[in-house]
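Per-entry structural report
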Amino acid sequence: MNQVLVSAPSNIALIKYMGKIEGTGNKPTNGSLSYTLENLKTFVRLTEIAGSEDQWKPLVRDDLEKIELSEKGQQRFLKHLQNLKQKWGINQSFLVESANNFPSDCGLASSASSFAALTLAAAEMFQKLHPQPWGADKKVLSELSRQGSGSSCRSLFSPWALWQAEYAEPMSIPQTHLHHIVVVVEDSKKEVSSSEAHKLVTTSPRFTGRPERAELRLKDLVQALCWNDWHMARQIVWDEFMDMHRLFETSVPAFSYMTSGSKKVLEDCQGFWSKWQDGPLVTMDAGANVHMLFRNDQKKSFETYREHFKKDFKVLAFEGVKDNVH
Ligand code: DP6
């Protein structure tokens, strides 16, 4: 039986992909920078099957969480497989099974890890069936993954990925093995998908100048991180997600992902920062959850935040463990 099983991680953008150039297969209006979340993964199993139709099913495994994909979600996923088949010149049909290693009811189910995992699984399978000279080139795979879902193109590189136009590339930044907290504020399905948000933000008067603002922050953030200026990095990352959320709130029609819970978490983060003059990089995606990234040497502070937010919210916390070097 022809079968492959592959996983890919999610990622959190510190400079956001928000706004795309219509009709270009998810080419962004500005560059973005992300940190790869190795603990949040999607697994995809691809099996060659008889017949002329590809199929999707949840991957059932004791250690993984079952995914529920809407009919629309399944169609989008299988369309991506179809595009990949076309690129490799593959005619066979496949069963795609997928699952996450994180709970699907926590509003984290990002398309990034799923589309990256499907791209990698297809590449592995198709290179066996019909090898292509570019078939193992990660830049090519990143570009293909982007066409399925933009943010997924960054999930092929770790720990940092920079995506400027066609594909993402690894970025060398001194901070690695960051500790990660997600304060799960809202776990219901969001009303506006990120794909819809990309379209709506272009109606905001604040979208004028947005690509320039993001590009400037990207440059400043890379410099701050490379110079170990964590204070500066934190300020840039904060301004960036607030800028994105203001775009949502000034779109026509306006929409918002911020809940009273998100605002409370953000206020507490501000309070802690003022008190200790140090803390995590804080960011939010197109959702109500709040992500925090701590330097590896901030383990104590990571534990303090985790215990603090656990009192009122569901918290996912992942330690950035450094491998033992022998
Ligand atoms: C807010 O990659 O989900 O998470 O390309 O339409 O699939 P599509 O959009 P998607 O957008 C992610 C937006 C974001 C910011 C980011 O990850 O950079």
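Since the structure is predicted, the reported quantities are computational estimates derived from the model, not experimental observations. (Residues numbered from 1 in each chain as written. Predicted model: local features only at pLDDT ≥ 70, side-chain atom pairs only at ≥ 80, totals over all residues. Heavy atoms only, no water.)

**Re the pattern of salt bridges**
Put simply, the rule is: Salt bridges are defined by distance alone: a side-chain nitrogen of Lys or Arg within 4 Å of a carboxyl oxygen of Asp or Glu. Every helix listed is a DSSP run of H or I at least four residues long, and every strand listed is a run of E at least two residues long, numbered separately from the N terminus. Three labels apply to residues, based on accessible area from a 1.4 Å probe with only protein chains included: buried if under 20% of the type maximum, exposed if over 50%, partly exposed otherwise in between.
Tallied over the full model, the rule gives 19 salt bridges. Salt-bridge contacts for arginine 217 lead to aspartate 243; the nearest nitrogen and oxygen are separated by 3.0 Å. Of the two residues, arginine 217 sits in helix 5 (residues 210–226) while aspartate 243 sits in helix 6 (residues 230–249), which places them 26 residues apart along the sequence. For aspartate 243, a relative accessible area of 1% translates into the label buried. In this structure, a network of salt bridges that share partners links the residues Arg206, Arg210, Arg213, Arg217, Glu240 and Asp243.

**Re helix 1 (residues 71–88)**
An α-helical turn contains 3.6 residues, so any two residues separated by three or four positions project in the same direction. Stated precisely, the cut-off is as follows: Helices are assigned an expected span. That span is 1.5 Å times one less than the residue count. An arc is given here, and it is the one of the directions from the helix axis to the C-beta atoms. Two residues qualify as a contact provided that any one of their heavy atoms is within 4.5 Å of a heavy atom in the partner residue.
In this model helix 1 runs 26 Å from its N-terminal to its C-terminal C-alpha over 18 residues, within 8% of the 26 Å that 1.5 Å per residue would give. For helix 1, every residue scored as buried is listed here: Gln74, Phe77, Leu78, His80, Leu81, Leu84, Lys85 and Trp88. All buried residues of helix 1 fall inside an arc of 145° around its axis, so they share one side. With respect to the buried face of helix 1, the exposed residues turned more than 90 degrees away are Glu71, Lys72, Lys79 and Gln86. At its buried positions, helix 1 is contacted by strand 4 (32–49), strand 5 (55–58), strand 7 (93–100), helix 2 (111–129) and helix 3 (138–148).

**Some details on the site of the ligand**
Filter applied, for reference: The cutoff for a nearby residue is simple: one of its non-hydrogen atoms must lie within 4 Å of the molecule or strand. Counting of polar contacts relies on pairs of N or O atoms within 3.5 Å, with two restrictions inside protein: one atom must be capable of donating a hydrogen and the other of accepting it, and residues adjacent in sequence are counted only when both atoms are side-chain atoms. Note that accessible areas follow from Shrake-Rupley with a 1.4 Å probe, and for residues the cover is restricted to the protein chains shown.
If you check the shell around the ligand, you find 18 residues, and the closest are Tyr17, Arg76, Ser149, Ser151 and Ser195. Take histidine 198: an N or O atom from its side chain is 2.9 Å from an oxygen atom of the ligand. In the model, an oxygen atom of the ligand is placed 3.4 Å from a nitrogen or oxygen of the aspartate 285 side chain. Bound to the protein, the ligand loses 96% of the 460 Å² it would expose on its own. Broken down by element, the shell around the ligand gets its largest block of residues, 3 residues, from helix 4 (residues 194–200).

**Focus on the nonpolar core**
Nonpolar side chains in soluble globular proteins tend to be buried together. What counts, and what does not: Residues belong to one nonpolar core when they are buried, are Ala, Val, Leu, Ile, Met, Phe, Trp, Tyr or Cys, and are joined through side-chain atoms within 4.5 Å.
Grouped together as the largest cluster of nonpolar side chains are 33 residues, with contacts concentrated most on Leu46, Leu81, Trp88, Val96 and Phe126. Broken down by secondary-structure element, the contributors of at least two residues to this core are strand 1 (3–15), strand 4, helix 1, strand 7, helix 2, helix 3 and strand 8 (160–163). Ranked by the residues each element gives to this core, the list is headed by helix 2, at 9 residues. Among the nonpolar cores identified, the runner-up in size contains 31 residues, and Leu40, Val184, Leu221 and Trp273 belong to it.

**Quick notes on the pairing of strand 10 (residues 179–184)**
Under the convention used in this document: The pairing criterion for strands is at least two bridges between them, as found by DSSP.
In terms of burial, strand 10 is largely enclosed, as 6 of its 6 residues are buried. Residues His179, Ile181 and Val183 point to one face of strand 10 and His180, Val182 and Val184 to the other, with burial holding for every one of them. Bridge count for strand 10 against strand 13 (residues 314–318) is 5 bridges, and the pairing is antiparallel. The residue of strand 13 that forms the bridge with valine 183 is valine 315.

None of this, on its own, says anything about what the molecule does.
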